[in-house]
Amino acid sequence: MNQSLVSIILPGIRKENWNKLYQSIYGSLTNKTFELIIVGPEENKDLNKSNIKFLKSFQTPVCCQQLGAEIAIGKYIIFASDDRNIC
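Residues numbered from 1 in each chain as written. Predicted model: local features only at pLDDT ≥ 70, side-chain atom pairs only at ≥ 80, totals over all residues. Heavy atoms only, no water.

A. View of the pattern of salt bridges. In this structure the tally under the stated criterion is four salt bridges. Among the salt bridges present, the one from Asp82 reaches Arg14, with a minimum N-O distance of 3.4 Å. Taken together, the residues span a long stretch of sequence, with Asp82 in the segment after strand E4 (76-79) and Arg14 in the loop between strand E1 (6-11) and helix H1 (18-28) at a distance of 68 residues. Residue classification places Asp82 among the buried positions, given a relative accessible area of 3%. Taking the relative accessible area as the measure of exposure, Arg14 reaches 26% and is therefore partly exposed. Residues Glu42 and Lys15 are paired through a salt bridge, measuring 2.9 Å at the closest nitrogen-oxygen approach. On the criterion of sequence distance, the pair formed by Glu42 in the loop between strand E2 (34-40) and strand E3 (52-56) and Lys15 in the loop between E1 and H1 is long-range, its members being 27 residues apart. In this structure Lys15 comes out as partly exposed when scored by relative accessible area, which is 30%. (Salt bridge = Lys/Arg side-chain N within 4 Å of Asp/Glu carboxyl O. Helix = DSSP H or I, 4+ residues; strand = E, 2+ residues; numbered from the N terminus. Buried < 20%, exposed > 50% of the residue type's maximum accessible area, 1.4 Å probe, protein only.)

Structure follows, in structure tokens:
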């Protein structure tokens, strides 16, 4: 993958919200490249996109953010949440 403009790091456990979150990001950044890094205990096999990375971790959300930041390749890094109220 080429360098993305934005790396979005998601410490996530609510995989039922991830597709909606991805579609929201994709709709907001239509002319920008991005990668979504999801760090958590489970992977969502339904999200099979080239710009999504899964990293398995059972640690706290803050630790998951740090783990995601270590593998991010974007020029800018932001953090997201998979809470029901945000998606």
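B. Fine view of the sheet that holds E1. Ordered by their spatial adjacency, four strands build an open sheet running E3-E2-E1-E4, and the pairing between neighbours is parallel. If you trace the sheet from one side to the other, it starts and ends with E3 and E4, each paired once. Averaged over neighbouring strand pairs, the angle between their axes works out to 20° when direction is ignored. As defined by bridge partners, E1 adjoins E2 across six bridges and the pair is classed as parallel. In the strand pairing of E2, Pro11 is matched with Val39. Against the sheet, H1 makes contact with E1, E2 and E3, and its axis sits at roughly 155° relative to E2, the strand it touches most. On the sheet, helix H2 (residues 61-71) packs against E1, E2, E3 and E4 and is oriented at approximately 150° with respect to E1. (Pairing = 2+ DSSP bridges. Axes fitted to C-alpha atoms, helices over the stretch in contact; angles between N-to-C directions. Contact = heavy atoms within 4.5 Å.)

C. Highlighting the packing of aromatic side chains. Applying the stated criterion across every chain yields a total of three aromatic pairs. A centroid spacing of 6.1 Å and a plane angle of 40° characterise the contact between Trp18 and Phe54, whose relative ring orientation is tilted. Of this pair, Trp18 sits in helix H1 while Phe54 sits in strand E3, placing them 36 residues apart in sequence. Given the relative accessible area of 1%, Trp18 is considered buried. Judged by relative accessible area, which is 25%, Phe54 ranks as partly exposed. Plain terms: the ring middles of Tyr22 and Tyr26 are 6.3 Å apart, the flat faces sit at 15° to each other, and that makes the pair stacked. Placement of the pair is Tyr22 and Tyr26 together in helix H1, with a separation of four residues, close to one helical turn. Judged by relative accessible area, which is 5%, Tyr22 ranks as buried. (Phe/Tyr/Trp six-rings, centres within 6.5 Å; stacked < 30°, edge-to-face > 60°.)

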